[in-house]
Amino acid sequence: MSTSNQSFDRRRFLQFTSLAGAGLAASAPASRLFGQEVDSGKLNTGTIKCRGYAATDTSGKLSPWEFERRPVGEQDILIEIKYASICHSDIHTMKGDWGPQIYPQVPGHEIVGIVTAVGKNVTKFKVGDRAGVGCMVDSCMECGSCMHGEEHLCDKGATVFTYGTPDKSSPTGITQGGYSNHIVVRDHFAVHIPDHISLEEAAPLLCAGITTYSPLVNANFKIGDKIGVAGIGGLGHMAIKLAVSKGAEVYAFTTSPDKKDDILSFGAKEVVVVDDVAKLKPYKGRLDYMISTIPAQYDVAAYASVVKPFGFYTQVGMPVGFELTLSNLALSTTRVNFNASLIGGMPETQEVVHYCADNRVLPKIEIIKADQINDAWTKVLNKQARYRYVIDAKTF
């Protein structure tokens, strides 16, 4: 997939962004609010009033809600949200599929906007910068994983996710997500959005992009390798585009026959409509690598069988309860190495945004208004999304 020089450049990029993102400068500029110098004490005195859409129970229905976020702290930035896109994870979480939730709760972890205030110790951003926030907003920042750009896998279990995580600094007691008009976030957990990608197209990269980019890059496949993508929704369509951009020959596996033309337009060599797992048999042992974004129970071993013996199969889709039922016997006969992957760290998240902007690897999106969220969620559940709904935040 990459030459040794490219691998070195990527390592250097990750190391640089990890250090730069920590914002540990010996001296820092004074705090700025809406482009003006302000006293840091004044900046920290008031909570931020916000409007958004929140779930109040497990019904999967959202409604308008006014709430407050914490004041902008010394290491924080305030982002005026411009766009927030819809991830299937938002629906799973709000419906309690992954465990009991605290309500009201604002979902959304694909967030982009403009920085409108910075704390006095912030050096990574300035007022007016384009910024994005993904699936996490804090961690311990001290353990080995956090210090090496794997904040989502904090050794102390201190990763704070963008919504629904208990948070003493939040006036609501939990983190609140991006279906809102503003967000306050520690500067390390925001990424720069380059000027040569639109904000609305950048938003899905903060989850769908990084969730598929990280395992694909770490698979170290070569140009011309046969790569499978199972489940062609918000994540799956990005996986196809990313793998194609890296030189792979992509085989897409979907249960939606009406997506075939779209999938081919994304660059896939072949589309397999899996209305019966028997459709997988002709592909047994043909692929070098497979990534599955299927967020439900399915026959893992049948899909894994399309990968060559001792090849790798990565699961990124998260089903109800986070658990997949596997046939150990059936999986053992494939001799395929099964693994799972969860988003990516902050340096790698910044990397995917730059990569997609530079190489024009862009999600297929549909912009909606806030009052269309509930309808969009229904369409996501019914496999009707094409392929990422992006909410215009000015409609909150």
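Scroll up a little and you will see the structure.
Since this is a predicted model, take the numbers as computed values, not measurements.

## Remarks on the nonpolar core
What tends to happen in soluble globular proteins is that the nonpolar side chains get buried as a cluster.
Phase 1 of the analysis: Among the nonpolar cores identified, the biggest contains 96 residues, and Ile77, Ile86, Tyr179, Leu216, Ile240 and Ile373 are the most heavily contacted of them.
Phase 2 of the analysis: For this core, the domains that each give at least three residues are domain 1 (48–206 + 346–395) and domain 2 (208–340).
Phase 3 of the analysis: Counting residues in hydrophobic clusters, the runner-up holds 21 residues, among them Tyr283, Leu287, Tyr298 and Val300.

## So, helix α12 (residues 373–381)
Within an α-helix, residues lying three or four positions from one another point in the same direction, as the helix has 3.6 residues per turn.
Phase 1 of the analysis: If you check which residues of α12 are buried, you get Ile373, Ala376, Trp377 and Val380. Each buried residue of α12 lies within a common arc of 105° when the element is viewed along its axis, so the set occupies one face.
Phase 2 of the analysis: Looking at the buried residues of α12, the elements they touch are β3 (48–55), β4 (62–69), α3 (88–94), β18 (365–368) and β19 (388–392).
Phase 3 of the analysis: Looking one or two residues beyond α12, the residue adopting positive phi is Lys383, at roughly 60°.

## Some details on the pattern of salt bridges
Phase 1 of the analysis: For the structure shown, the criterion picks out 15 salt bridges.
Phase 2 of the analysis: With a shortest N-O distance of 2.8 Å, Arg186 and Asp138 are connected by a salt bridge. Of this pair, Arg186 sits in strand β10 (residues 182–186) while Asp138 sits in strand β8 (residues 136–138), and the two are 48 residues apart along the sequence.
Phase 3 of the analysis: Between Glu142 and Lys156 there is a salt bridge, and its shortest N-O distance comes to 3.0 Å. With Glu142 in the loop between β8 and α4 (144–147) and Lys156 in the loop between α4 and β9 (160–161), this pair connects stretches of sequence that are 14 residues apart. Note on accessibility: Glu142 and Lys156 belong to one class, exposed.

## Some details on the packing of aromatic side chains
Phase 1 of the analysis: As enumerated under the stated definition, the model contains 10 aromatic pairs in all.
Phase 2 of the analysis: Their ring planes at 45° and their centres at 5.7 Å tell us that Tyr213 and Tyr355 sit as a pair that is tilted. Remark: Tyr355 occurs in helix α11 (residues 346–359) and Tyr213 occurs in helix α6 (residues 208–218); sequence separation between them is 142 residues.
Phase 3 of the analysis: Judged by relative accessible area, Tyr355 falls into the buried class, the value being 13%.
Phase 4 of the analysis: Where Tyr313 meets Phe338, the ring centres are 5.8 Å apart and the plane angle is 25°; that geometry is what we call stacked. Of the two residues, Tyr313 sits in strand β16 (residues 307–315) while Phe338 sits in strand β17 (residues 337–340), which places them 25 residues apart along the sequence.
Phase 5 of the analysis: By relative accessible area, which is 29% here, Phe338 ends up partly exposed.
Phase 6 of the analysis: Among the aromatic residues, those joined into a cluster by ring pairs are Tyr251, Phe253 and Tyr283.

## Section: the environment of Phe396
Phase 1 of the analysis: Following the sequence through the fold, Phe396 ends up in the segment after β19.
Phase 2 of the analysis: A relative accessible area of 13% places Phe396 in the buried class.
Phase 3 of the analysis: As for Phe396 and Lys369, which are separated by 27 residues in sequence, their C-alpha atoms are 7.9 Å apart.
Phase 4 of the analysis: The contact partners of Phe396, leaving out residues within four places of it in the chain, are Arg51, Gly52, Tyr53, Gly178, Tyr179, Ser180, Asn181, Ala370, Ile373 and Ile391.

Cut-off values and rules
Residues numbered from 1 in each chain as written. Predicted model: local features only at pLDDT ≥ 70, side-chain atom pairs only at ≥ 80, totals over all residues. Heavy atoms only, no water. Core = buried A, V, L, I, M, F, W, Y, C linked by side-chain atoms within 4.5 Å. Buried < 20%, exposed > 50% of the residue type's maximum accessible area, 1.4 Å probe, protein only. Domains from an automatic or database assignment. Helix = DSSP H or I, 4+ residues; strand = E, 2+ residues; numbered from the N terminus. Arc of directions from axis to C-beta. Contact = heavy atoms within 4.5 Å. Salt bridge = Lys/Arg side-chain N within 4 Å of Asp/Glu carboxyl O. Phe/Tyr/Trp six-rings, centres within 6.5 Å; stacked < 30°, edge-to-face > 60°.

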